[in-house]
2 protein chains.
Amino acid sequence: MMKERFILPDGLVYLDGNSLGPLPRGAAARVGTTMELEWGRLAIAGWNRAGWIGQPMALGDRIGRLIGAEPGSVSVGDTLSVKVFQLVAAALAMRPERKVVLSDSGNFPSDLYMADGLAEALGDVQLVVVEPEEIAGRIGPDVAVLMLTEVDYRTGRKHDMAALTRAAHEAGALTVWDLAHSAGALPVELAGAGADFACGCTYKYLNGGPGAPGFAYVAPRHADTARTILQGWLGHAEPFAFEPGYRPAAGAERMRVGTPPILQMAALEAALDIWDEVDVSELRARSIVLSERFIAAVESACPDIALVSPRDPEARGSQVSFRFEHGYAAMQALIAHGVVGDFRAPDIMRFGITPLYLSEEDIDVAAGVIAKVMTERLWDDPAYATRSAVT
Amino acid sequence: MMKERFILPDGLVYLDGNSLGPLPRGAAARVGTTMELEWGRLAIAGWNRAGWIGQPMALGDRIGRLIGAEPGSVSVGDTLSVKVFQLVAAALAMRPERKVVLSDSGNFPSDLYMADGLAEALGDVQLVVVEPEEIAGRIGPDVAVLMLTEVDYRTGRKHDMAALTRAAHEAGALTVWDLAHSAGALPVELAGAGADFACGCTYKYLNGGPGAPGFAYVAPRHADTARTILQGWLGHAEPFAFEPGYRPAAGAERMRVGTPPILQMAALEAALDIWDEVDVSELRARSIVLSERFIAAVESACPDIALVSPRDPEARGSQVSFRFEHGYAAMQALIAHGVVGDFRAPDIMRFGITPLYLSEEDIDVAAGVIAKVMTERLWDDPAYATRSAVT
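All figures in this text were calculated on a predicted structure; none of them were measured in a lab.

Scoring rules and cut-offs
Residues numbered from 1 in each chain as written. Chains lettered and ligands numbered in written order. Predicted model: local features only at pLDDT ≥ 70, side-chain atom pairs only at ≥ 80, totals over all residues. Heavy atoms only, no water. Helix = DSSP H or I, 4+ residues; strand = E, 2+ residues; numbered from the N terminus. Rg over C-alpha atoms; globule rule 2.2 N^0.38 Å. Contact = heavy atoms within 4.5 Å. Lys, Arg positive; Asp, Glu negative; His and termini not counted. Charge placed at Lys NZ, Arg CZ, Asp CG, Glu CD. Buried < 20%, exposed > 50% of the residue type's maximum accessible area, 1.4 Å probe, protein only. Pairing = 2+ DSSP bridges. Least-squares fit on C-alpha atoms with pLDDT ≥ 70 in both. Phe/Tyr/Trp six-rings, centres within 6.5 Å; stacked < 30°, edge-to-face > 60°. Axes fitted to C-alpha atoms, helices over the stretch in contact; angles between N-to-C directions. Expected span 1.5 Å × (residues − 1). Polar contact = N/O pair within 3.5 Å; in protein donor to acceptor, adjacent residues only side chain to side chain.

### A few points about the overall build of chain A
Within chain A one finds 12 helices and 15 strands. Scaling as 2.2 N^0.38, a compact globule of 391 residues should have a C-alpha radius of gyration of about 21 Å, and chain A matches this with 21 Å. Reported as C-alpha extents along the three principal axes, the dimensions of chain A are approximately 70 × 55 × 40 Å. Partitioning the intrachain contacts of chain A with sequence separation of at least 6 by distance along the chain shows that 72% fall at a separation of at least 24. With 34 positive and 50 negative side-chain charges, chain A shows a spacing of 3 Å between the two charge centroids.

See the structure below:
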């Protein structure tokens, strides 16, 4: 429990850290230092003297510890969507005789859109999307890449990364795992699972801030053979030689593309200062305790809403989702009454369980408010029916 | 002259705003507000209530004014390298029967690398690179896309955007202009020139800060037909409908990809507050006055270094470059003596002329230091020969 390390929205129980993590207490000062003492005083010299140029790999290693990645195998930059594109392209290029990217309907839409855009551009590649439970049966000799998000953004249903990676490898396919709802949510063992490629974002459980960069993992055994379709200069072996032709950097550094976002990375660094002190297994145990408590309290008080997350905590990420016909209005009512979760179309009310800054008391307060909103039908107010741009 | 609006490195004449612009005076406070009052207090609600979600188009319009773009035709996000990839892919898709991307050897290497990575992935597309002066003669019926950086990053040589765009169109090709060294450096008239696509970065002349985002321009006549290969969810017509299939947003907004960097955009916004007050034609006139003064002073005192920028100011961007065999060491010596420019391999000493915060006096001081370093051979010291990561 490190609640004192965060600035939380005043008067609210914040169950939306799976969408945007809260502000780490030291982050604003850290970014202020980067701006005033580095950008302001050093200007261009900040790239060397303040170490900016090395941040994508330095922060990558600190994220790597949380996801079971080998040192040097993670680089930070771009957005998660761009990283998905880049890694699926890299994996496809390693299986040129195969033409299927396999994914599931529980994947985040942007991952599917990005893979589809790539497939369409390449012309002879096809994105095949099946139901999550059909994945294992669909892996076959035509599959080049198995592209999955480990934890379903709506339901919290968790894939078995090790088993599916093994199945993919037995069929000769490679894997791209999206860890958007895994990194900082539960133990991930990329190396242990034999994952080939992985990516994620840092603004959810990792608390890196709005628009914090993505990251890319390349298994060391592929690091010097994987090619990037996004041949940016900072993934070049010698960016400042300004050679006419592209030569990839060694290892995962080749997945760097353009100039990295130094201010976002300063905020992320402050967030990772907290993560450096966290034991992810202990965090996971706490997440399960809090999630079970939340499910029990909500289910006992609210017969109208149905758990859609797996009941087995081992099969679930660090979120709890319920289905309710009037979910959008109900979530707006909850927010108005001090409990922040979010809504995902068509009817899912989603609550992130983030033990770094949530206590049993927070869970009890939230469950109490949910019970009140549901039993008193407080959601049934026209004020809660109007949708805003981001929900 | 708005020198008081910037925090400049203490005791230095900063002639490197073409690489990284200095810190605008209000930027740190702006980012602090975004972090503490928006991220901290609103958390997820910042996307709607603080207007984060609309920033890529709002800032795009403010940049658009500086580059002669129509309202709604510029979106901010990603890095310049990613935008190059995206726009070249979009243009190629509009000329499916043609297979050549034409560029020149004066283009920034990352642009060439990105186009080459795309061409290689597509298989049947070829990147053809000729000398800058050969471009006009090479435009022909096989060319799908003319991809050029308007101002050469080494020499400052400026292409004639209107003439080359016209030539490209006459040959049936489309244009992708990189404005890295144009936006905020000189008047650009994208609409006037009939440009099809353009992109740029915001950390150079625009002073958006280290790792500030890129931008993409799509001519309104193409806005609803151009397709993006990077089908990110925030370029979707309804991102929060989470539809299984991609439907592009209207206009240039479809070039958005993933979650935009809110902290970087807050800094950029503070920089654009200054730009909102600038008349780019007046700025250009001042840039020419300062550049001519600089060239005259350096040339008269330093016979050993040769101007490589065009002598005609109309054919030049807002930088002045000299060739010198010992350019790397000489630039290190200059920096040690208080004049910051930069070095570009193999032998180019580069000086950015940025009238927003440079006066005649600054130019005279810089020219005096250069004269001293050259005539006294102060560069001839082993301390200045060791190269660092970023130069």
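Back to the write-up after that little detour.
### Comments concerning the pairing of strand 9 (residues 197-201) of chain A
Residues and elements named next belong to chain A. Of all five residues making up strand 9, five are buried, and the element is well covered by its neighbours. Alternating residues of strand 9 divide into Phe 197, Cys 199 and Cys 201 and Ala 198 and Gly 200, and every residue in both groups is buried. Here strand 8 (residues 174-178) runs beside strand 9; their pairing, made up of three bridges, is parallel. In the strand pairing of strand 9, Asp 178 is matched with Cys 199. In this structure, strand 9 lies alongside strand 10 (residues 214-218), joined through five bridges in antiparallel fashion. Paired with Gly 200 across the bridge in strand 10 is Phe 215.

### Description of the relation of the copies chain B and chain A
Mapping chain B onto chain A leaves a residual RMSD of 0.0 Å; the transformation is a rotation of 180° accompanied by 0.0 Å of translation along its axis. Taken together, the rotation angle and the small translation identify this as a two-fold axis. Relative to the rotation axis, the C-alpha of Leu 122 of chain B is the closest in chain B, positioned 2.7 Å from it. The fraction of interface residues of chain B whose copies in chain A are also interface residues reaches 100%, indicating that both copies meet through the same surface.

### Brief notes about the environment of Pro 303 of chain A
For Pro 303 of chain A, the position within the fold is in the loop between helix 10 (280-301) and strand 11 (306-307). The spacing of Pro 303 of chain A and Pro 261 of chain A is 42 residues in sequence and 47 Å in space, taken between C-alpha atoms.

### A word on the pairing of strand 15 (residues 348-352) of chain A
Residues and elements named next belong to chain A. Burial analysis of strand 15 places five of its five residues in the buried class, which makes it a mostly covered element. Residue alternation in strand 15 divides its side chains into two sets, Ile 348, Arg 350 and Gly 352 and Met 349 and Phe 351, and both sets are buried. Pairing between strand 12 (residues 319-323) and strand 15: five bridges, direction antiparallel. Note that in strand 15 the partner of Arg 323 across the bridge is Ile 348.

### A word on the packing of aromatic side chains
Taken as a whole and judged by the stated rule, the model has 31 aromatic pairs over all chains. Ring geometry for Phe 108 of chain A versus Trp 233 of chain B: centroids 4.9 Å apart, planes at 75°, classification edge-to-face. A residue pair is termed interchain when its members come from two chains, as with Phe 108 of chain A in the loop between strand 5 (100-104) and helix 5 (109-122) and Trp 233 of chain B in the loop between strand 10 (214-218) and helix 9 (262-275). By relative accessible area, Trp 233 of chain B is classed as buried at 10%. Measuring from centroid to centroid gives 6.2 Å for Phe 322 of chain B and Phe 351 of chain B, while their planes differ by 65°, and the two rings are edge-to-face. Of this pair, Phe 322 of chain B sits in strand 12 (residues 319-323) while Phe 351 of chain B sits in strand 15 (residues 348-352), and the two are 29 residues apart along the sequence. Under the relative-accessibility criterion, Phe 351 of chain B is labelled buried at 0%.

### Re the sheet that holds strand 9 (residues 197-201) of chain B
Residues and elements named next belong to chain B. Ordered by their spatial adjacency, seven strands build an open sheet running 4-10-9-8-7-5-6, and the pairing between neighbours is mixed. In this open sheet, the two edge strands, each paired with only one partner strand, are strand 4 (74-76) and strand 6 (126-130). Neighbouring strand axes in the sheet, compared pairwise and without regard to direction, differ in orientation by 20° on average. Along the sheet face, helix 3 (residues 55-66) touches strand 4 and strand 10 and points at about 125° away from the line of strand 4. Strands in contact with helix 7 (residues 161-170) are strand 7 (143-149) and strand 8 (174-178); relative to strand 8, the strand with the most contacts, it is inclined by about 155°.

### Quick notes on helix 10 (residues 280-301) of chain B
Residue and element names in this part refer to chain B. With 22 residues, helix 10 should reach 32 Å at 1.5 Å per residue; the first-to-last C-alpha distance of 31 Å fits that figure. Taken together, the buried positions of helix 10 are Val 280, Leu 283, Arg 284, Ser 287, Ile 288, Leu 290, Ser 291, Phe 294, Ile 295 and Val 298. Packing partners of the buried residues in helix 10 comprise helix 3, helix 9, strand 11 (306-307), strand 12, strand 15 and helix 12 (360-375). The N-cap residue of helix 10 is Asp 279: its side-chain oxygen and the backbone nitrogen of Ser 281 are 2.8 Å apart.

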